[in-house]
Amino acid sequence: HFLLFLTQKQTRVYYTKDKKMTTEEKTKEEEEIVPTKTAGAILFCGCTDFKNVGRTKQIDESVFANVNVPSKISTFENENDLEFTFIASGSAAAHNVAIDTKGRLWAWGRNENGQLGTGDKDNRNAPSVVKGIHFGENADGEGEEAVKIVWAACGKNHTIAIDSEGGFYACGSNKSGQLGVPITWSRQKKNVDDERVEFVKSASATQAKFVKATCGVDFTVLTDADGKMWSFGCPQYGQLGHGDDHEYNMKEGTVKLAYEPQPTPKMIRSGDLNAEKDYKVVKVCCGHNHVACFCEDGKLYTWGNGGYGRLGHRVQKDEFSPKMVEVQGGDRNLIPKDAILACGSTATHFSACMGQLYAFGKLKVSGDNTMYPMPQMDLQGWVLRDFASGAVTFATCQDEMTVTWGAGGYGELGYGPEGKKSSACPDVVPSLQGKRTIMVACGLGQTLFLVKSEDVKEGVPVFEPLPETKGGEKKKQGAHLIKPGGAKKAKK
């Protein structure tokens with residue numbers, strides 16, 4: 001761990017096992033590692049039964065072996081010089097996406113609503129390049145007409161991707177309008193979902209150029225090049241931030257509430273981010289049913305489901321419009337532009353002045369709720385590079401250290417086969433010590449790490465996903481873990 005001292009000139013001095021560095025020296029050393037820009041290799045750990053993850057803890061490990069230590073995926077190892085600049089999952093997602101250095105989007109995991117964009121609804125155990133986006137004549141990312149994807153996000157049953165020209169693509173369930181395209185099914189038809197099994201490009205009339213995306217369970221929030229936010233999908237809890245939840249009663253003579261889908265992207269201009277305030281958002285993140293963002297003014301805003309105190313307003317009350325969160329220190333503790341921000345199912349994390357990490361909401365499965373931002377002393381002095389929240393797990397990284405914690409049940413914390421499955425407090429991932437982690441991503445029961453390729457060339461296990469199967473066809477062979485220098489061996 002790093003010990004942090006402040007000199008009289010307020011210069012940070014970091015002492016490590018081998019050397020000490022001033023703030024300037026440390027910054028210079030980290031200049032080459034920038035999330036979403038620096039390329040690296042993907043490591044995976046957690047549940048491999050994407051159909052049942054999050055639905056049961058009783059996974060048949062003789063068929064779907066949990067990966068307890070961060071491992072390479074054999075699919076990527078079979079590609080020459082393949083590196084990635086972006087990884088993503090989501091607190092409600094049982095699928096994952098990644099963007100390689102050629103701008104191609106890869107996806108794998110649960111696919112019951114076509115959220116992988118592979119042209120069908122078969123779950124994918126192994127990553128593959130998505131369909132519906134033109135990645136060149138041979139789908140190799142080459143050629144002037146090839147689309148370059150720069151950002152992606154995962155909801156529960158949908159996926160959003162943004163290209164280098166500011167357009168956005170979507171696939172999966174559009175039941176609540178979360179794809180940003182018109183809904184093609186009738187409200188009167190029960191158990192019918194509007195699904196797009198390949199990526200479709202939105203023909204939005206907004207003319208905005210989008211640069212980032214984040215997804216909740218069934219809604220989406222985009223950020224445009226001018227720093228404005230646009231949202232669409234299910235308006236329940238006021239999670240779209242438009243000042244209304246569009247609730248209506250489906251039947252006369254009885255109470256059966258529903259929420260009118262909002263498939264058209266609409267700019268967020270209400271509450272403390274109303275039309276009179278020319279805000280410019282820096283980062284925005286969605287949890288299951290709430291949203292948090294911070295703007296150039298250094299202030300934090302939240303809205304949506306207020307249960308468990310996840311909005312940080314000291315009361316469990318839904319907010320239909322963005323509302324500023326009171327942070328200890330006020331204007332003396334503004335959020336810098338390079339701060340981290342992450343939303344889980346019921347929790348929110350962010351860093352403020354001097355990199356101090358704060359959190360609120362239900363931070364542990366058991367225990368009281370944290371109703372307002374509280375400093376997290378376990379990581380005091382850490383300057384976090386990236387942070388991710390899953391359903392009940394968390395991951396973050398700094399320098400050559402990666403830390404995870406939470407109520408894991410599938411090995412997604414990466415502590416190893418003999419290590420603990422859950423942790424109430426942040427703990428170092430043993431196999432990633434000394435390795436530079438660029439990004440982290442957490443899902444329902446899986447964690448992804450984007451690590452500098454030169455740090456994982458040797459000594460890292462390789463996970464071989466099960467062969468693809470159609471529909472409910474029974475799998476007859478176990479998942480495999482190829483250990484460095486060893487033969488392929490089924491993990492029991």
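Residues numbered from 1 in each chain as written. Predicted model: local features only at pLDDT ≥ 70, side-chain atom pairs only at ≥ 80, totals over all residues. Heavy atoms only, no water.

Some remarks on the nonpolar core
- In this structure, Leu 105 and Ile 149 are the most contacted members of the largest nonpolar core, which totals 66 residues.
- Each residue touching Ile 149, except ones within four places of it in the same chain, is listed here: Ile 99, Gly 103, Leu 105, Ile 133, Phe 135, Ala 161, Ile 162, Asp 163 and Tyr 169.
- Core analysis: the second largest hydrophobic core is formed by 17 residues, Leu 357, Leu 363, Phe 387 and Met 401 among them. (Core = buried A, V, L, I, M, F, W, Y, C linked by side-chain atoms within 4.5 Å. Buried < 20%, exposed > 50% of the residue type's maximum accessible area, 1.4 Å probe, protein only. Contact = heavy atoms within 4.5 Å.)

Describing the environment of Trp 151
- Mapped onto the secondary structure, Trp 151 falls in strand E10 (residues 149-154).
- With a relative accessible area of 19%, Trp 151 lands in the buried category.
- For the pair Trp 151 and Thr 36, spaced 115 residues apart in sequence, the C-alpha separation works out to 8.2 Å.
- Non-local contacts of Trp 151, meaning those with residues more than four positions away in its chain, are made with Thr 36, Phe 86, Ile 99, Ile 160, Ala 161, Ile 162, Val 211, Lys 212 and Ala 213.
- Side-chain polar atoms of Trp 151 contact the backbone oxygen of Ala 213, separated by 2.9 Å. (Helix = DSSP H or I, 4+ residues; strand = E, 2+ residues; numbered from the N terminus. Polar contact = N/O pair within 3.5 Å; in protein donor to acceptor, adjacent residues only side chain to side chain.)

Some points on unusual backbone geometry
- The backbone of Met 354 shows a phi angle near 65 degrees, a positive value even though the residue is not glycine.
- Tracing the sequence through the fold places Met 354 in the loop between strand E25 (347-351) and strand E26 (357-361).
- You can call Met 354 partly exposed: its relative accessible area is 43%.

Let's talk about the pattern of salt bridges
- Following the criterion strictly, the structure yields 17 salt bridges and no others.
- For the salt bridge of Lys 121 with Glu 195, the shortest nitrogen-to-oxygen distance reads 2.9 Å. Taken as a pair, Lys 121 in the loop between strand E8 (105-109) and strand E9 (124-129) and Glu 195 in strand E13 (residues 195-201) lie far apart in primary sequence, 74 residues in all.
- For Lys 452, the salt bridge identified is with Glu 454, shortest N-O distance 3.8 Å.
- Residue classification places Lys 452 among the buried residues on the basis of a relative accessible area of 10%.
- Look at the salt bridges and you will find they share partners, linking Arg 436, Lys 452, Glu 454 and Asp 455 into a network. (Salt bridge = Lys/Arg side-chain N within 4 Å of Asp/Glu carboxyl O.)

Some points on the environment of Ala 92
- You can see Ala 92 is positioned in the loop between strand E6 (84-88) and strand E7 (95-100).
- Using a relative accessible area of 10% as the deciding quantity, one classes Ala 92 as buried.
- Not counting chain neighbours up to four residues away, the residues in contact with Ala 92 comprise Lys 156, Val 217, His 288 and Leu 444.

Here's the deal with the sheet that holds strand E31 (residues 423-428)
- Within the open sheet, the four strands sit side by side as E28-E29-E30-E31. Their pairing is antiparallel. Strands at the two margins of the open sheet, each flanked by one partner only, are strand E28 (386-389) and E31. Taking each pair of neighbouring strands and ignoring which way they run, the sheet shows an average axis angle of 10 degrees. (Pairing = 2+ DSSP bridges. Axes fitted to C-alpha atoms, helices over the stretch in contact; angles between N-to-C directions.)

Notes on the sheet that holds strand E24 (residues 341-343)
- One open sheet holds the four strands; their spatial order is E24-E25-E26-E27, and the pairing between them is antiparallel. What marks the edges here is a single partner per strand, and that holds for E24 and strand E27 (370-375). Between one strand axis and the next, the sheet turns by 10 degrees as a mean value, whatever way the strands run.
- Sheet analysis places E25 next to E26, joined by five bridges and oriented antiparallel. Counted as the bridge partner of Ala 347 is Gly 361 from E26.

A closer look at the pairing of E26
- Across the five residues of E26, five count as buried, placing the element largely inside the fold.
- Burial along E26 is two-sided: the residues Leu 357, Ala 359 and Gly 361 and Tyr 358 and Phe 360 are all buried.
- Remark: five residues form the turn of the hairpin made by E25 and E26, two consecutive strands paired antiparallel; Met 354 in that turn has positive phi of roughly 65 degrees.

Thoughts on the environment of Tyr 410
- Mapped onto the elements, Tyr 410 comes out in the loop between strand E30 (401-406) and E31.
- C-alpha separation for the pair Tyr 410 and Val 53, spaced 357 residues apart in sequence, amounts to 8.5 Å.
- Those residues within four positions of Tyr 410 in sequence are excluded, and the remaining contacts are Gly 46, Cys 47, Val 53, Gly 54, Thr 56, Lys 57, Ile 59, Asn 66, Val 67, Asn 68 and Gly 445.
- A distance of 2.7 Å separates the side chain of Tyr 410 from the backbone oxygen of Thr 56, its partner in a polar contact.

Quick look at the packing of aromatic side chains
- According to the stated counting rule, one finds 14 aromatic pairs in the structure shown.
- Between Phe 86 and Trp 151 the ring centres are 4.9 Å apart and the planes differ by 50 degrees, which places this aromatic pair in the tilted class. Here Trp 151 lies in strand E10 and Phe 86 lies in strand E6, a separation of 65 residues in the sequence.
- On the basis of relative accessibility, which here comes to 4%, the residue Phe 86 falls in the buried class.
- Grouping aromatic residues by their ring pairs yields a cluster made of Phe 76, Phe 84, Trp 106 and Trp 108.
- The lysine or arginine in question, Arg 314, covers the ring of Tyr 372, its NZ or CZ lying 4.1 Å from the ring centre. (Phe/Tyr/Trp six-rings, centres within 6.5 Å; stacked < 30°, edge-to-face > 60°. Lys NZ or Arg CZ within 6 Å of the ring centre and 35° of its normal.)

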